Amino acid sequence: RASAVIVVRALELRSQLTDAGRWISSVLVAQIEEILKAPSGPEASMMELAVGQIVNLPVSGGEVLVSGNQRIRARQTWAELPEKGKRYLYFVGVGPNQLFPAATQATFEVTDTTLRRLQRNAKGGIDKDGMDPGDAFNAIRAAANVPRQP
């Protein structure tokens, strides 16, 4: 279960080699554009969320420069990396001053007309169910008892 559901705009993907140097881990720096479900109960005191707030979301994979000029890109074979400037719907867990994806398939790219899952579906293809973002957002708000938006 997600503690919060947010829509963010990707500002930057900061990537670095892991300590062992065998993988790339990243942080998506993003700005909250909408809060569809805010944390409640004990989680609400762990981290406050607000529209306009800059948040960091962990991402597996990324791109780094090594040896000064060689670009290395790593990603899970079943997932796309978020891109600067695009909007994303995140189902997140909340910890002390941190957010983390609530599930491996809980990230969607948001366009004006559709939601697109960044992770591959069980059949191996990218899930393009074409759900209208406004309908999806209102369904999430209803499930979280948040008033509908026009």
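Structure report, in brief. (Residues numbered from 1 in each chain as written. Predicted model: local features only at pLDDT ≥ 70, side-chain atom pairs only at ≥ 80, totals over all residues. Heavy atoms only, no water.)

## A word on unusual backbone geometry
Logical step 1: At Asn97, a position not held by glycine, the phi torsion is positive, near 55°.
Logical step 2: Along the polypeptide, Asn97 turns up in the loop between β5 (87-95) and β6 (98-101).
Logical step 3: Asn97 sits in the exposed class, given a relative accessible area of 66%. (Helix = DSSP H or I, 4+ residues; strand = E, 2+ residues; numbered from the N terminus. Buried < 20%, exposed > 50% of the residue type's maximum accessible area, 1.4 Å probe, protein only.)

## Digging into the pattern of salt bridges
Logical step 1: A full pass over the atoms with the stated rule returns eleven salt bridges.
Logical step 2: In this structure, the salt-bridge partner of Glu33 is Arg9, at a minimum N-O distance of 2.8 Å. Separated by 24 residues along the polypeptide, Glu33 in strand β2 (residues 24-37) and Arg9 in strand β1 (residues 4-17) bring together distant segments of the chain.
Logical step 3: For the salt bridge of Glu34 with Arg141, the shortest nitrogen-to-oxygen distance reads 2.7 Å. Within this pair, whereas Glu34 is found in strand β2, its partner Arg141 is found in helix α1 (residues 133-143), the two being separated by 107 residues in sequence.
Logical step 4: Of the residues examined, Glu34 reaches a relative accessible area of 22% and is grouped as partly exposed.
Logical step 5: Members of the salt-bridge network, linked through shared partners, are Arg9, Glu33, Glu34, Arg87 and Arg141. (Salt bridge = Lys/Arg side-chain N within 4 Å of Asp/Glu carboxyl O.)

## Structural notes on the side chain of Glu109
Logical step 1: For Glu109, the location among the structural elements is in strand β7 (residues 107-110).
Logical step 2: Take Glu109: its relative accessible area is 10%, and that puts it in the buried class.
Logical step 3: With residues near it in sequence (within four places) discarded, Glu109 still touches Lys86, Arg87, Tyr88, Thr114, Leu115, Arg116 and Leu118. (Contact = heavy atoms within 4.5 Å.)

## Some details on the nonpolar core
Here is a general trend for soluble globular proteins: nonpolar side chains tend to be buried in one another's company.
Logical step 1: Val8, Leu57, Tyr90 and Leu99 are the most contacted members of the largest nonpolar core, which totals 19 residues.
Logical step 2: At the level of elements, β1, β2, β3 (54-66) and β5 are the ones that each hand at least two residues to this core.
Logical step 3: For Leu57, the residues in contact, after removing those within four places along its chain, are Val8, Ser26, Val27, Leu28, Tyr90, Val92 and Leu99.
Logical step 4: The next biggest cluster of nonpolar side chains, apart from the first, holds eleven residues, and it includes Val5, Leu36, Leu89 and Ile140. (Core = buried A, V, L, I, M, F, W, Y, C linked by side-chain atoms within 4.5 Å.)

## As for the pairing of β3
Logical step 1: One ladder, built from seven bridges, connects β2 with β3; its direction is antiparallel. Paired with Gln31 across the strands is Ile54, a residue of β3.
Logical step 2: Examined bridge by bridge, β3 and strand β4 (residues 70-75) share six bridges and lie antiparallel to one another. Pairing of Gly62 across the sheet is with Ala74, part of β4. (Pairing = 2+ DSSP bridges.)

## A look at the packing of aromatic side chains
Logical step 1: Throughout the structure, instances matching the rule amount to one aromatic pair.
Logical step 2: Ring geometry for Phe91 versus Phe108: centroids 6.3 Å apart, planes at 65°, classification edge-to-face. In this pair, Phe91 sits in strand β5 while Phe108 sits in strand β7, placing the two residues 17 residues apart along the sequence. (Phe/Tyr/Trp six-rings, centres within 6.5 Å; stacked < 30°, edge-to-face > 60°.)

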